[in-house]
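# Results of the structural survey
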Amino acid sequence: MKSIHLQIRFLVPLMVTLTVAALLALPLLDRMTLRWFSRDLSARGAMVAKTLSLAISDIEPNAKLDRLRGLLERGVLDERLVGIALCSATNQQILSTKGFPGSLTCKEAREIALQQNPRLELSSGAVHIGDFPVNPQQADSDRLVLLHDLSLPDRRSIDTRRYMIIFITVLGLAVAGITMIVAQLSWRGWVSGMRAILRGEGLVRPLLQTGGTSTGGDSAPPELQPLEVEIRQHLRELEDNLYREHGPLTPWDPERLRGLLRTQLRGDQVIVVSNREPYIHIKGKEGIQVSRPASGLVTAVEPVMRACSGTWIAHGSGSADRETVDEHDRVAVPPDTQDYVLRRIWLTEEEEQGYYQGFANEGLWPLCHVAHVRPVFRESDWAQYRAVNQRFADAVVAEARSDDPIVLVQDYHFALLPAMVREKLPKATIITFWHIPWPNPESFGICPWRRELLQGMLGSTILGFHTRFHCKNFTETVDRYLEARIEHEHSTISYQGEPTLVQSYPISIAWPTDEERLRWPAPSEARRAVIDRLKLPEDACIAVGVDRFDYTKGILERLHAVERLLEKYPQWQGRFVLVQVAAPTRNALEEYREFQDRIHRVTDRINQRFGTDAYQPVRLLAEHHDHAALMELYRAADMCVVTSLHDGMNLVCKEFIAARDDEQGVLILSRFAGAARELPEALVINPYHVEETTDALHRAANMPPQEQRERMASLRMTVREFNVYRWAGRMLADAGQWRLRERITRRVQRRAREGSEAMNA
Ligand code: ADQ
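The model shown is predicted, which means the values in this text are computed figures rather than measured ones.

### Points about the site of the ligand
Taken together, 27 residues are adjacent to the ligand, and Thr299, His435, Arg548, Asp647 and Glu655 come closest. Alanine 583 is positioned such that a nitrogen or oxygen atom in its backbone is 3.3 Å from a nitrogen atom of the ligand. Here an oxygen atom of the ligand sits 2.9 Å away from a polar atom, N or O, in the main chain of leucine 651. Here the ligand has 710 Å² of accessible area as a free molecule, and 96% of this is covered by the chains. At the level of secondary structure, the elements contributing two or more residues to the shell around the ligand comprise α8 (296-308), β18 (541-548), β19 (576-583) and α21 (652-659). When grouped by side-chain class, the residues that make up the shell around the ligand number 12 nonpolar, nine polar and six charged. Both domains that furnish three or more residues to the shell around the ligand are identified here as domain 2 (270-344 + 399-504) and domain 3 (524-721).

Quick look at the structure:
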């Protein structure tokens, strides 16, 4: 209806314009046709005059007048000639035919004949006057005046005008009709184009077309495409702002996770198994203190356990751990809220040495990270690894309150445990999460016990990695070394008839709550505190690195980049400072001790080369920091530098992002960290390329606040939505579905069995 109104509004002016054009064109056309006729009559007159002139010259002078009259009277027999007169050179009428008006003198006739439109209105009608010399060679020749009837041209002119009006009317109607049809079609095109744009199909179409498929539905026509780009940009900005303000519609949080446990998992018991414990009790000068270890695994899993309750089984490694447990080696944690139970397992020095230092950290860790440190595999370590896995598996069975608990197995320390638990608790849902990368089959193949490790892991119901790439590597490894059925479509591997779902679940952190944020210092206060505490220059550009002191974290490459920065861009000398926090880790291993010594040596060298009494470009803080100290650093920094040579995910970069609610600060992130796949708005670098990392440091130090804001706002959106509750929630939801399917299958099988037993009976 609307489009018809619009077209009428468009058509009325069109018709008016056409009518005006016709009214203006008709007199012009009239004049033109008359001029053509006049020219035609003049030519015709000239011909008649010439014929008569020849006849006149043949007449003998004596018989002249009578013969002349007869001749002229014969001439006017032509119906178009009204009359003819013969005039002398002095404009005296010599004779004239009957139809020649008596009132018209030769002089008048001649004057009219000389006009452009030689027309004379007589009472009998309009005539055209032509004046021609009888003998053109003679200057004072007599002249013939011919009067042509103009009624015929006039009639023709009226006919022409009528045809013209009909023609213009038909043309107008045709143009209007075509215009209406075109307008209707293009209006529909525009409307559907605009709808397509608003539905987002205009943007989807190019993608589909590149894929060689066509949607076949509405899409924006080419003339709308610039508009499309603009509308989409505005919509996206609005959407972004809305999203930034309110976050996802149903965010993953502890409450949602608890709800999932209550509903889909019917409140079943959750048991976590990890090597590292979430709380360590240590004997200090002021009595027993509780500490949180520097561990990505603990950072991620602890908030999940707070939300889910249950039991966490871990190695009791603290000096006061034994003093704080009950007779069942249990202690309720966290100390203030006591949300769940920590069950400690005690390891002998031999066990710790073989299973943890040896097989896990000297064997599997370098094997999976492929960071140019050779894995070491010892028979004795392997024996301890197996034994300790069995001890933890037994503890799981002992802690289980039912025959089908949910067991969350954490990391490479327990590759054998899933199959061991499965043996005792076949109905348990075992979710194993591998926190470090999984290498390609060739790299993994150097492990002498590769088959046993894979068999152990395939005891899991669900096997999770950070990225699809790691899942793919694992599946290919199984394909290479075991006889198993792999179903790529369903991401499952069936080994000895038992299926395992192999899926990627990118891990994350708990997004800070409002209460937590209220305790944070303002970024300016944090900066002030850090500058005062570390005695940094007032105008320092602060880069922060937070890692366990591990060779996979790329700390050496980071130092080389800082050194190159001060060389290549000397304006940063005296201003640029890398504050490197490195928590001591695995100090019992020589590889680690040597690495840490080397980092100290390189730091000293750089500080000597570019430092002064008042300025040191690298501040190496090789000690554990509590959460508040880390937050202060993150909020004080101009940039956070993550240069891992290989990292399953890396949580430090996500902590930095979560800390920057002022949307300032730049993240430099290694492309070899799993996090790089989720956080493309960071400055993504190859840490092995010193020049590239150097330039990223320079770029970050010069980045305008607006660009920082754009990048940081987007990073924050990702980390807030893809938080650790989502990580756990997705795994538990998959487990819930799995258990439901299992229960249904078991019921169906039982009924079938009962049915066949009844039949037999
Ligand atoms: P990690 O190798 O431990 O984790 P990461 O993910 O970066 O590495 O986590 C380190 C954690 O320790 C962070 O929470 C950090 O704040 C904390 N931390 C580091 N240095 C500290 C210090 N000096 N003082 C106090 N705390 C410190 C492994 C894998 C990762 C994976 C995680 C989670 O190697 O790739 O992201 O597990 O799956």
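### Remarks on unusual backbone geometry
Residue proline 334 is bonded to the preceding valine 333 through a cis peptide linkage, with omega at -15°. The phi dihedral of glutamine 338 is positive, around 50°, even though this residue is not glycine. In this structure, glutamine 338 sits in the loop between β10 (330-333) and β11 (340-345). Located in the positive-phi region is asparagine 650, a residue other than glycine, with phi close to 90°. Mapped onto the elements, asparagine 650 comes out in the loop between β21 (639-642) and α21.

### A closer look at the sheet that holds strand β3 (residues 119-122)
Within the open sheet, the five strands sit side by side as β2-β1-β5-β4-β3. Their pairing is antiparallel. Each end of this open sheet is capped by a strand with a single partner; those strands are β2 (93-96) and β3. Going across the sheet, the axis of each strand differs from the next one's by a mean of 25°, ignoring polarity. Helix α3 (residues 106-113) contacts β1 (81-87), β2, β3, β4 (125-133) and β5 (143-149) of the sheet and is inclined by roughly 95° relative to β4.

### Looking at a nonpolar patch on the surface
Side chains of Val12, Val16, Val20 and Leu24 sit close together on the surface and give an oily, nonpolar patch of about 370 Å² of accessible area. Within the fold, valine 16 resides in helix α1 (residues 2-58). Here valine 16 falls in the partly exposed class, since its relative accessible area comes to 48%.

### A look at the domain arrangement of the protein chain
Here the domain parsing of the protein chain yields domain 1 (2-155), domain 2 (270-344 + 399-504) and domain 3 (524-721). When each unit is reduced to the centre of its C-alpha atoms, the spacing between domain 1 and domain 2 is 116 Å.

### Considering the environment of proline 366
Checked against the element boundaries, proline 366 lands in helix α10 (residues 349-369). Along the sequence, proline 366 and tyrosine 551 sit 185 residues apart, while their C-alpha atoms lie 9.6 Å from each other. Those residues in contact with proline 366 that lie beyond four places of it in its chain are Asn361, Ala371, Val373, Arg374, Pro375 and Tyr551.

### Quick notes on the nonpolar core
Within the largest apolar cluster, 176 residues are counted, with the highest numbers of intra-cluster contacts made by Leu453, Phe474, Phe576, Met639, Leu667, Leu669 and Trp727. Looking at this core element by element, the count peaks at nine residues for helix α24 (residues 724-760). Composition of this core by domain shows at least three residues from each of domain 2 (270-344 + 399-504) and domain 3 (524-721). Those residues within four positions of leucine 667 in sequence are excluded, and the remaining contacts are Cys640, Val642, Cys653, Phe656, Ile657, Leu679, Ala682, Leu683 and Leu715.

### Thoughts on a negative patch on the surface
On the surface, Glu590, Glu591, Glu594 and Asp597 cluster together into a negatively charged patch. Tracing the sequence through the fold places glutamate 590 in helix α19 (residues 590-610).

### Remarks on the pattern of salt bridges
Taken as a whole and judged by the stated rule, the model has 47 salt bridges. Two residues, glutamate 277 and arginine 344, come together in a salt bridge whose shortest N-O distance is 2.6 Å. In this pair, glutamate 277 is assigned in the loop between β6 (270-273) and β7 (280-284) and arginine 344 in strand β11, connecting sequence segments 67 residues apart. Looking at glutamate 277, the relative accessible area reads 0%, which means it is buried. For arginine 344, a relative accessible area of 0% translates into the label buried.

### A look at the sheet that holds β18
Pairing is parallel across the open sheet formed by six strands, whose spatial order is β20-β19-β18-β21-β22-β23. The open sheet has two edge strands with one neighbour each: β20 (618-621) and β23 (683-685). Averaged over all adjacent pairs, the angle separating strand axes in this sheet is 20°, with direction ignored. Its contacts with the sheet put α21 on β18, β21 and β22 (666-670), and the angle it makes with β22 is roughly 170°.

### Quick word on the layout of surface pockets
Here the second largest pocket defines a volume of roughly 600 Å³. Around the second largest pocket sit 30 residues that line it, and Ala419, Arg422, Leu458, Gly459 and Glu498 are the ones nearest its centre. Listed by contribution, the elements that provide at least two residues to the lining of the second largest pocket are α11 (379-399), α12 (417-424), α14 (450-457), β17 (498-504) and α24. Element by element, the count of residues in the lining of the second largest pocket is highest for α24, at five residues.

### Regarding the side chain of aspartate 268
With respect to the helices and strands, aspartate 268 occurs in the loop between α7 (254-263) and β6. Using a relative accessible area of 17% as the deciding quantity, one classes aspartate 268 as buried. A polar contact of 2.6 Å, which involves the side chain of aspartate 268, links it to the side chain of arginine 739. Once residues within four sequence positions are removed from consideration, aspartate 268 is found in contact with Ile406 and Arg739.

### Some remarks on the confidence of the model for the protein chain
Interpretation of this model should avoid reading the predicted coordinates in detail wherever pLDDT is low. Averaged over every residue, the pLDDT of the protein chain is 88; residues scoring 70 or more account for 91%. Low pLDDT (under 50) marks residues 202-218, which in the prediction has 14 contacts with non-local residues, meaning those over four places away or in another chain.

### With respect to α24
For α24, spanning 37 residues, the distance from its first C-alpha to its last is 54 Å, which sits close to the expected 54 Å at 1.5 Å a residue. Between a side-chain oxygen at the N-terminus of α24 and the backbone nitrogen of tyrosine 725 the separation is 3.0 Å; the capping residue is asparagine 723.

### A look at the state of the cysteines
Put plainly, two cysteines are in a disulfide when a covalent bond ties their sulfur atoms together. Within this structure, the stated rule accounts for one disulfide. With its sulfur 1.9 Å from that of its partner, cysteine 87 forms a disulfide with cysteine 106. Residues cysteine 87 and cysteine 106 are joined through a disulfide that is left-handed, its torsion about the S-S bond being -75°. Placement of cysteine 87 in strand β1 and of cysteine 106 in helix α3 is noted, with a sequence separation of 19 residues between them. Each member of the pair, cysteine 87 as well as cysteine 106, is classed as buried.

### Some remarks on the packing of aromatic side chains
Enumeration over the complete set of coordinates arrives at 22 aromatic pairs. A centroid spacing of 6.1 Å and a plane angle of 20° characterise the contact between tryptophan 382 and tyrosine 385, whose relative ring orientation is stacked. Residue tryptophan 382 and its partner tyrosine 385 are both found in helix α11; the two are separated by three residues, about one turn of the helix. Here tryptophan 382 falls in the buried class, since its relative accessible area comes to 2%. Centre to centre, the rings of phenylalanine 465 and phenylalanine 474 are 5.4 Å apart; their planes meet at 40°, and the pair counts as tilted. Each member of the pair, phenylalanine 465 as well as phenylalanine 474, carries the same accessibility label: buried. Each member of the aromatic cluster is reached from another via a ring pair, and the members are Tyr355, Tyr356, Phe359, Phe377, Trp382, Tyr385, Phe392, Phe414 and Trp449. If you follow arginine 586 out to its NZ or CZ, it ends over the ring of tryptophan 365, 4.2 Å from the centre.

Conventions adopted
Residues numbered from 1 in each chain as written. Predicted model: local features only at pLDDT ≥ 70, side-chain atom pairs only at ≥ 80, totals over all residues. Heavy atoms only, no water. Near = heavy atom within 4 Å. Polar contact = N/O pair within 3.5 Å; in protein donor to acceptor, adjacent residues only side chain to side chain. Areas by Shrake-Rupley, 256 points an atom, 1.4 Å probe, with all protein chains shown as cover. Helix = DSSP H or I, 4+ residues; strand = E, 2+ residues; numbered from the N terminus. Nonpolar A, V, L, I, M, F, W, Y, C, P; charged D, E, K, R; others polar. Domains from an automatic or database assignment. Pairing = 2+ DSSP bridges. Axes fitted to C-alpha atoms, helices over the stretch in contact; angles between N-to-C directions. Contact = heavy atoms within 4.5 Å. Patch = residues over 30% accessible without salt bridge, like charges linked within 9 Å, V, L, I, M, F, W, Y side chains within 5 Å. Salt bridge = Lys/Arg side-chain N within 4 Å of Asp/Glu carboxyl O. Buried < 20%, exposed > 50% of the residue type's maximum accessible area, 1.4 Å probe, protein only. Core = buried A, V, L, I, M, F, W, Y, C linked by side-chain atoms within 4.5 Å. Lys, Arg positive; Asp, Glu negative; His and termini not counted. Charge placed at Lys NZ, Arg CZ, Asp CG, Glu CD. 1 Å grid on protein atoms, 1.4 Å probe; cavity = no way out; pocket = protein on both sides within 12 Å on 5 of 7 lines; lining within 4 Å. Points joined across faces, edges and corners; volume = space filled by probe spheres on them. pLDDT = per-residue confidence, 0-100. Expected span 1.5 Å × (residues − 1). Disulfide = S-S within 2.5 Å. Phe/Tyr/Trp six-rings, centres within 6.5 Å; stacked < 30°, edge-to-face > 60°. Lys NZ or Arg CZ within 6 Å of the ring centre and 35° of its normal.

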